[in-house]
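The residues making up each chain are set out below.
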Amino acid sequence: MRNTGNRAGEEVVQLYLHDVLAQVTRPVRQLAGFARVRLEPGESARATFAVHADRTAFTGRDLRRIVEPGDIEVFVGTSASDLPCRGRVRLTGPLRHVGRGRRLVTPVEVRPAGPEQGGTDAAQS
């Protein structure tokens, strides 16, 4: 993200996920993380989200929380209606039940970006 104006400002970068094919109906876009970023005029920054597979958990047909293997669409932007950065990741392995210890937080790191790196990235770990 880059501040192209002549005044300092703040922007909120948002990360949304969508489970492409789940055993139950899932939201088209589910907010999974966000960060408020202050930028001086001409300044740019890069936001990197660390998304744990637990963030894709949902209540399955048997009413237990699960993480299901499959494709997850990733969207990053400034609002649910402005998501210019898109990608897809694949969760592999067997279906997994998750409990109270599941990870619900999506850490985000915001760093100054060089002149050629004015964008916003979505990363999965």
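Overview of the structure. In this convention, every chain numbers its residues from 1, walking through the sequence in written order. Reporting of local features is limited, given that this is a predicted model, to residues whose pLDDT is at least 70; pairs of side-chain atoms are given and counted only at 80 or more, and all residues count toward the totals for whole chains, interfaces and linings. In computing side-chain properties, one takes all heavy atoms of the structure into account and sets aside hydrogens as well as water.

A word on the environment of Val67
Position of Val67 among the secondary structure elements: in strand β5 (residues 65-67). Here the alpha-carbon distance between Val67 and Pro94, two residues 27 residues apart in the chain, equals 8.7 Å. By definition, residues are in contact when any of their heavy atoms lie within 4.5 Å. What Val67 contacts, discounting residues up to four positions off in sequence, is Ala53, Asp54, Thr56, Ala57, Leu91, Pro94, Leu95, Arg96 and Val98. Every helix listed is a DSSP run of H or I at least four residues long, and every strand listed is a run of E at least two residues long, numbered separately from the N terminus.

Thoughts on the pairing of strand β1 (residues 9-19)
Where a strand is regular, its side chains alternate between the two sheet faces. Most of β1 is tucked away, with eight of its 11 residues classed as buried. Note on pairing: DSSP must find at least two bridges between two strands before they are called paired. Bridge count between β1 and strand β2 (residues 30-39): nine bridges; the pairing is antiparallel. Each residue of the ladder has a partner; that of Gln14, found in β2, is Phe34. Across six bridges, β1 lies against strand β6 (residues 70-77) in antiparallel orientation. The partner of Gln14 across the bridge, within β6, is Gly77. Each residue is placed in one exposure class: buried if its accessible area under a 1.4 Å probe, protein chains only, is under 20% of its type's maximum, exposed if it is over 50%, and partly exposed if it falls in between.

Quick look at empty space enclosed by the protein
Gaps left between atoms show up when a probe the size of a water molecule is rolled over them. Cavities and pockets were defined on a 1 Å grid built from protein atoms only: a cavity is a group of points that admits a 1.4 Å probe but offers it no way out, a pocket is an open group of points flanked by protein on both sides within 12 Å along at least five of seven lines, and a lining residue is one with an atom within 4 Å of any such point. Grid points are joined across faces, edges and corners, and a volume is the space filled by probe spheres set on the points. Scanning the model with the defined rule gives one cavity of 30 Å³ or more in all. Quantified by volume, the largest cavity comes out at close to 50 Å³. If you go around the largest cavity, the residues you meet are Leu17, His18, Asp19, Arg26, Pro27, Gln30, Arg55, Thr56 and Ile72. With three residues, β1 is the largest single contributor of residues to the lining of the largest cavity.

Considering the sheet that holds strand β8 (residues 96-97)
Here three strands make up an open sheet; going across it, the order is β4-β5-β8 and the pairing antiparallel. Each edge of the open sheet carries a strand with a single partner, namely β4 (58-59) and β8.

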